[in-house]
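# Reading the structure
Below are the chains, spelled out letter by letter.
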Amino acid sequence: MKRPPPPSRRPWPAPNGRRILLTGVTGQDGSYLAERLLAEGCEVWGMVRRSSSFNTQRIDHLYQDPHETDVRLRLVNGDLGDGSSVNRILKRVRPHEVYNLGAQSHVKTSFDIPEYTADITGLGAVRVLEALRDLGLDDTRFYQASSSELYGGIGRSPQNERTPFHPRSPYAAAKAYAFHITRNYREAWGMFATNGILFNHESPRRGETFVTRKITRAAARIARGMQKTLYLGNLEARRDWGYAPDYVDAMVRILRAKKADDYVVATGETHSVREFCAAAFARVGLPLEWSGKGLKERGVDARGRVLVQIDERYFRPSEVELLLGDASRARRELGWKPTVTFRQLVEIMVDADVEAIGGTAPPAAPAPRRRAR
Ligand code: NAP
Ligand code: GDD
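About the thresholds
- Residues numbered from 1 in each chain as written.
- Chains lettered and ligands numbered in written order.
- Predicted model: local features only at pLDDT ≥ 70, side-chain atom pairs only at ≥ 80, totals over all residues.
- Heavy atoms only, no water.
- Phe/Tyr/Trp six-rings, centres within 6.5 Å; stacked < 30°, edge-to-face > 60°.
- Helix = DSSP H or I, 4+ residues; strand = E, 2+ residues; numbered from the N terminus.
- Buried < 20%, exposed > 50% of the residue type's maximum accessible area, 1.4 Å probe, protein only.
- Pairing = 2+ DSSP bridges.
- Axes fitted to C-alpha atoms, helices over the stretch in contact; angles between N-to-C directions.
- Parallel < 35°, antiparallel > 145°, perpendicular 65-115°, else oblique.
- Left-handed = near helix turned anticlockwise from the far one by under 90°.
- Contact = heavy atoms within 4.5 Å.
- Nonpolar A, V, L, I, M, F, W, Y, C, P; charged D, E, K, R; others polar.
- Near = heavy atom within 4 Å.
- Polar contact = N/O pair within 3.5 Å; in protein donor to acceptor, adjacent residues only side chain to side chain.
- Areas by Shrake-Rupley, 256 points an atom, 1.4 Å probe, with all protein chains shown as cover.
- Domains from an automatic or database assignment.

Here we take up the packing of aromatic side chains. The description of an aromatic ring pair rests on the distance of the ring centres and on the angle between the ring planes. Across all of its chains, the model carries eight aromatic pairs by this definition. Seen from their ring centres, Phe165 and Phe179 are 4.9 Å apart, and the 85 degrees between their planes marks the pair as edge-to-face. Taken together, the positions of Phe165 in the loop between β5 (141-147) and α6 (170-189) and Phe179 in helix α6 put the pair 14 residues apart, joining distant regions of the chain. When its relative accessible area of 2% is taken as the criterion, Phe179 is described as buried.

With that settled, the discussion passes to the pairing of strand β1 (residues 19-23). Counting buried residues in β1 gives four out of five residues, a clear majority hidden from the surface. Sheet topology note: the β1/strand β2 (residues 43-48) ladder contains five bridges and is parallel. Its bridge partner being in β2, Ile20 is matched across the sheet by Val44. For β1 and strand β4 (residues 97-100), the ladder comprises four bridges, and the chain directions are parallel. Each bridged residue has a counterpart across the sheet, and for Leu22 the counterpart in β4 is Tyr99.

Okay, the packing of helix α1 (residues 28-40) against helix α8 (residues 244-255) next. Between α1 and α8, the shortest axis-to-axis distance is 9 Å and the interhelical angle comes to 60 degrees. In terms of their interaxial angle, α1 and α8 are classed as oblique. For the crossing formed where α1 meets α8, the hand is right-handed. Of α8, the residues touching α1 (which contributes Gln28, Asp29, Tyr32, Leu33, Arg36, Leu37 and Glu40) are Ala244, Pro245, Val248, Asp249, Met251 and Val252. Here the residues of the contact of α1 with α8 sort into eight nonpolar, one polar and four charged.

Within the structure, ligand 1 sits among 25 residues, and Thr26, Arg49, Asp79, Ser105 and Tyr171 are positioned closest to it. The separation between a nitrogen atom of ligand 1 and a polar side-chain atom of Arg206 is 3.2 Å. For ligand 1, whose accessible area on its own is 900 Å², the fraction buried by protein is 90%. When contributions to the shell around ligand 1 are tallied by element, the ones reaching two or more residues are α1, α5 (114-134), β5 and α6. Of the residues contributing to the shell around ligand 1, the split by class is nine nonpolar, 11 polar and five charged.

Once that is clear, we can look at the sheet that holds strand β13 (residues 289-291). Taken in spatial order, the four strands make up an open sheet running β8-β15-β14-β13, and their pairing is mixed. Each having just a single partner strand, β8 (230-232) and β13 make up the two edges of the open sheet. Across the sheet, the axes of successive neighbouring strands diverge by a mean angle of 20 degrees, strand direction being ignored. With three bridges joining them, β8 and strand β15 (residues 306-310) adopt parallel strand pairing. Across the sheet, the residue bridging to Tyr231 is Gln309, located in β15. Set on the sheet, helix α7 (residues 211-223) makes contact with β8 and β15; between it and β8 the angle comes to about 160 degrees. Its contacts with the sheet put helix α9 (residues 273-283) on β8, β13 and β15, and the angle it makes with β8 is roughly 165 degrees.

Pairing is parallel in the open sheet, where seven strands are placed in the order β3-β2-β1-β4-β5-β6-β11. The two strands at the open ends of the sheet, each matched to only one other strand, are β3 (73-77) and β11 (262-265). Across this sheet, the average inter-strand angle for adjacent strands is 20 degrees, counted without regard to direction. With five bridges connecting them, β2 and β3 associate as parallel partners. Note that in β3 the partner of Trp45 across the bridge is Arg74. Together, β5, β6 (193-198) and β11 form the strand contacts of α6, whose direction differs from that of β6 by roughly 150 degrees.

Turning to the site of ligand 2, a few remarks are in order. Taken together, 24 residues lie near ligand 2, and Ser147, Ser148, Tyr171, Arg316 and Glu319 sit nearest. In the environment of ligand 2, an oxygen atom lies 2.6 Å from a nitrogen or oxygen atom belonging to the side chain of Ser148. Lys214 is positioned such that a nitrogen or oxygen atom in its side chain is 2.7 Å from an oxygen atom of ligand 2. Contact with the protein chains removes 95% of the 710 Å² of surface that ligand 2 exposes when unbound. Taken together, the elements giving at least two residues each to the shell around ligand 2 come down to α7 and β8. When its residues are assigned to classes, the shell around ligand 2 shows 10 nonpolar, eight polar and six charged. Counting contributing residues, the shell around ligand 2 receives three or more from each of domain 1 (17-198) and domain 2 (211-238 + 271-321 + 341-370).

What follows is the structure in structure tokens.
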């Protein structure tokens, strides 16, 4: 993954006295959220779990110089599976706000490690909430990273805050527990506990095993002659894909709203994996023609080379076929709206992957504009 640029030499904003704890700070969303909160002048603490290899690439630019007294990202060791570490960290930090972004977040993997997923993605939320309650941190605001995967197989769209849940994976079942326990702590104990039901959001910092990044990275590498073929699973699946920094902005709005509540965050547009793939390959100058059906489907370039093939290993035991969100409540009550279109998102991601391998990005994408809705 390409390292984000170092922070500018401008002085950081004056501290605003707000202490914030992020779990999942090393992930895609955690890194953007940490940047955003630091830029506001908050004191940001991130929980980092032990790893046998480096797992801080996305945030190195935020904390790498410990001698700079004005850099305010602080990292503490902990694990959502270990209640005592969660408790100890909260006791030390006594944050005004907690964003619980940590999770085993890969849906396909959750079928292989369902118990672990339930423990971290599900019970992790109650460990944080219960520690807050135990420590008497009643005023601390809590954000839970809930997911559009909750809607799963509902077969009804667009999905909004009133749409029933139908989890279709161990990941989604764990997220359903976390969603409900968050709501329960709000109702039972009066805590300011909120859920953002976020639809898929992507960026150049997206993990390489999620489909969008897998595609943009492969398109860049294939264009450069570093890879021959991209193997994918279900091309028919449709997702409502947005831009991660926009979604991090929605998290902050949800947590700073007047009233604790649950909000859907989505673009209101849905596209298939095939469409995403076609747009990414077109961006690197390799427009694809599709031929064949099912497992025999192929994406072929103008020279007749087979660049995309299907591999059944990437299919899921139960699939979520269609996600399409209706974020009109977030729009109305929080003033939130997405700023990046589907096409711009593909271009941002492809161009970053082209640059990461030392290539030249295609003609600059126009700066993200407000969406014409
Ligand atoms: P991500 O890039 O996969 O990041 C997940 C984070 O959780 C990483 O920092 C990871 O640490 C951490 N983590 C994993 N296991 C942990 C444990 N046992 N204890 C503490 N931390 C642990 O995910 P993301 O895309 O940023 O998503 C952030 C959150 O939003 C996740 O909860 C995800 O399920 C949810 N969500 C994401 C989307 C989306 O489209 N991106 C949509 C809806 C909801 P390592 O770096 O050490 O692995
Ligand atoms: N990962 C992956 N790899 N997915 C593939 C592939 C492949 O090779 N081929 C097709 N797909 C399809 C999946 O079957 C799925 O329908 C769709 O692409 C998107 O898969 P992912 O990118 O892995 O994301 P996800 O939608 O399952 O989950 C993401 O979004 C959720 C929000 O709806 C994750 O970020 C979750 O953590 C998040 O909650």
